[in-house]
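# Structural overview
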Amino acid sequence: MPVTFDGKLVIAISSRALFNLSDSHRVYLEEGLEAFQDYQVQHEDDLLEPGDAFPLVKKLLAINELEQGKGRVEVILLSRNSSDTGLRVFNSIAHYGLPITRAAFASGESPHRYVSAFGAHLFLSTDPGDVQQVLEAGYAAATILSGGQCQRPDGILRIAFDGDAVLFSDESEQIFQSDGLAAFTENERQAARKPMNGGPFKPFLAALHQLQNSFPVAGCPIRTALVTARGAPAHERVVRTLRDWDIRLDESLFLGGLSKGEFLRAFGADVFFDDQQGHCESASEHVAAGHVPHGISNTKKGPSQD
């Protein structure tokens, strides 16, 4: 029978998000593709240093070592390298003992088209263009920013999400952008019992939730959190939407416009996903952050509610 990923959480990641490839990327930018290829082959036995998403991937793969999580997480490498130049990447994967066995090497082209082929729930990359194309295809994706990595040493994977334009659609955010905070608040009050449409990260959250359900609540190795600028009364619609989706979030922080960084640090997030570039840059001072270039805030400059 063919191998399937049914029941698995599938994460696709670029080689530059997994490892620090700044040296070879600099060669590519300054000297071109041929020089880059020569450099990678010449240095294929030189181990790569971990990249910005390496700690997150390591924690994800560690779930497979638990009895209830055995074989439930699949990480796939998607790379602009060729298989020849990508040998250095796989040598480093072997060195760090990462159980990553599947990859797509696109030889200079964007590998984004393989996200759907693999059925990945999430794509992480350092290339905003690739991330944008994956989002447009209907899959969760984020650009990993360099910055802080606030991890707790208890082995629990902690993932935090922004709300509007990430977990939820940006319909409410559009009202805030066009008509202001008072109109946004009144709309959310009136629509409190109307579930919001899902955003690009809803399927990823659902897959995480399914994986969490494999474990007893007290011993689950995954914790999730909503960290949103919303406050009362706009909180009620969020609560009722998640209830309608039958998805649990372990923690929900309704900050009413407060800066998110310190709260993310207190939560101990391994990664935080937000549609606002400024919020991501601020958060990256404390934790790893992934920018989700989706929704009106990425097409129109101005303040954002979330």
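Residues numbered from 1 in each chain as written. Predicted model: local features only at pLDDT ≥ 70, side-chain atom pairs only at ≥ 80, totals over all residues. Heavy atoms only, no water.

Before going further, it helps to examine the domain arrangement of the protein chain. Splitting the protein chain by domain gives domain 1 (9-143) and domain 2 (157-294). On a C-alpha basis, the centres of domain 1 and domain 2 stand 26 Å from each other. With 22 residues of domain 1 at the interface, the matching set in domain 2 holds 23 residues. Regarding the contact of domain 1 and domain 2, the summed buried area is about 1800 Å², with carbon and sulfur atoms giving 73% of it. At the junction of domain 1 and domain 2, the tally comes to 1 salt bridge. A salt bridge links Asp270 to Lys59; its shortest N-O distance comes to 3.2 Å. On the surface where domain 1 and domain 2 come into contact, there are 4 residue pairs in polar contact (both at pLDDT 80 or more). For the side of domain 1 that touches domain 2, the leading source of residues is strand β5 (residues 140-145), giving 4 residues. Its residues assigned to classes, the side of domain 1 that touches domain 2 comprises 15 nonpolar, 5 polar and 2 charged. (Domains from an automatic or database assignment. Contact = heavy atoms within 4.5 Å. Buried area = accessible area lost by both parts, 1.4 Å probe. Salt bridge = Lys/Arg side-chain N within 4 Å of Asp/Glu carboxyl O. Polar contact = N/O pair within 3.5 Å; in protein donor to acceptor, adjacent residues only side chain to side chain. Helix = DSSP H or I, 4+ residues; strand = E, 2+ residues; numbered from the N terminus. Nonpolar A, V, L, I, M, F, W, Y, C, P; charged D, E, K, R; others polar.)

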